[in-house]
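One letter stands for each residue in the lines below.
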Amino acid sequence: MASLCRQIIRGNAFKSVILSNARRGFADKMMPDPLEHATGLEKKELLALQSGDDDPFNMKVLKKKAGTKDMPTLVPSCFDARIVGCICDEHATAINWLWLHKGHPRRCECGHWYKLIEKTPL
């Protein structure tokens, strides 16, 4: 009985050595660079990220600036109009949405001013 257990243990140890060597061949290979096989908009996004633009599609939340009529918060856009959500109060549970149009600064209900500026598309 003891010799049978030793053979099973040796067999299992032998199998694990063979399997670990077989798996090691896959671990040596690296995944290709995603930029090599990306195309279209995905490639433009990866190139923008690589060049240091961490928000190529203007999706990050903008921090409010002074927000006066003379110095409004500037909102970049590739289009003539963009919808903006203003969180008027720090503890507000609702967002005030407003449309911004190029050349026309807009005031939110809380008194904060926004202005659309042009940004070149990717």
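Structural notes, computed from the coordinates.

Procedures and definitions
Residues numbered from 1 in each chain as written. Predicted model: local features only at pLDDT ≥ 70, side-chain atom pairs only at ≥ 80, totals over all residues. Heavy atoms only, no water. Salt bridge = Lys/Arg side-chain N within 4 Å of Asp/Glu carboxyl O. Helix = DSSP H or I, 4+ residues; strand = E, 2+ residues; numbered from the N terminus. Buried < 20%, exposed > 50% of the residue type's maximum accessible area, 1.4 Å probe, protein only. Contact = heavy atoms within 4.5 Å. Pairing = 2+ DSSP bridges. Disulfide = S-S within 2.5 Å.

**A few points about the pattern of salt bridges**
Stage number 1. All told, the structure shown has three salt bridges when counted by the stated rule.
Stage number 2. Taking the shortest distance from any N to any O, the salt bridge between Lys102 and Asp80 comes out at 3.3 Å. Linking Lys102 in the loop between β3 (96-101) and β4 (106-107) with Asp80 in the loop between β1 (73-77) and β2 (81-86), this pair joins segments that are 22 residues apart in sequence.
Stage number 3. You can call Lys102 partly exposed: its relative accessible area is 37%.

**Here's the deal with the environment of Ala66**
Stage number 1. Position of Ala66 among the secondary structure elements: in the loop between α3 (40-51) and β1.
Stage number 2. Measuring from C-alpha to C-alpha, the distance between Ala66 and Trp113 comes to 8.5 Å, with 47 residues separating the pair along the chain.
Stage number 3. In this structure, Ala66 is in contact with Met71 and His112, ignoring residues within four places of it in sequence.

**A few points about the sheet that holds β4**
Stage number 1. Strand order in the open sheet formed by three strands is β1-β5-β4, with mixed pairing between adjacent strands. Each end of this open sheet is capped by a strand with a single partner; those strands are β1 and β4.
Stage number 2. Relative to strand β5 (residues 113-118), β4 runs antiparallel, the two being bridged by two bridges. Residue pairing across strands places Arg106 opposite Tyr114, the latter belonging to β5.

**Observations regarding the state of the cysteines**
Stage number 1. Across all of its chains, the model carries zero disulfides by this definition.
Stage number 2. In this structure Cys108 is not part of a disulfide, and its nearest cysteine sulfur, from Cys88, lies 3.5 Å away.
Stage number 3. A relative accessible area of 2% means that Cys108 is categorised as buried.
Stage number 4. In this structure Cys110 is not part of a disulfide, and its nearest cysteine sulfur, from Cys88, lies 3.5 Å away.
Stage number 5. We classify Cys110 as partly exposed; its relative accessible area is 37%.

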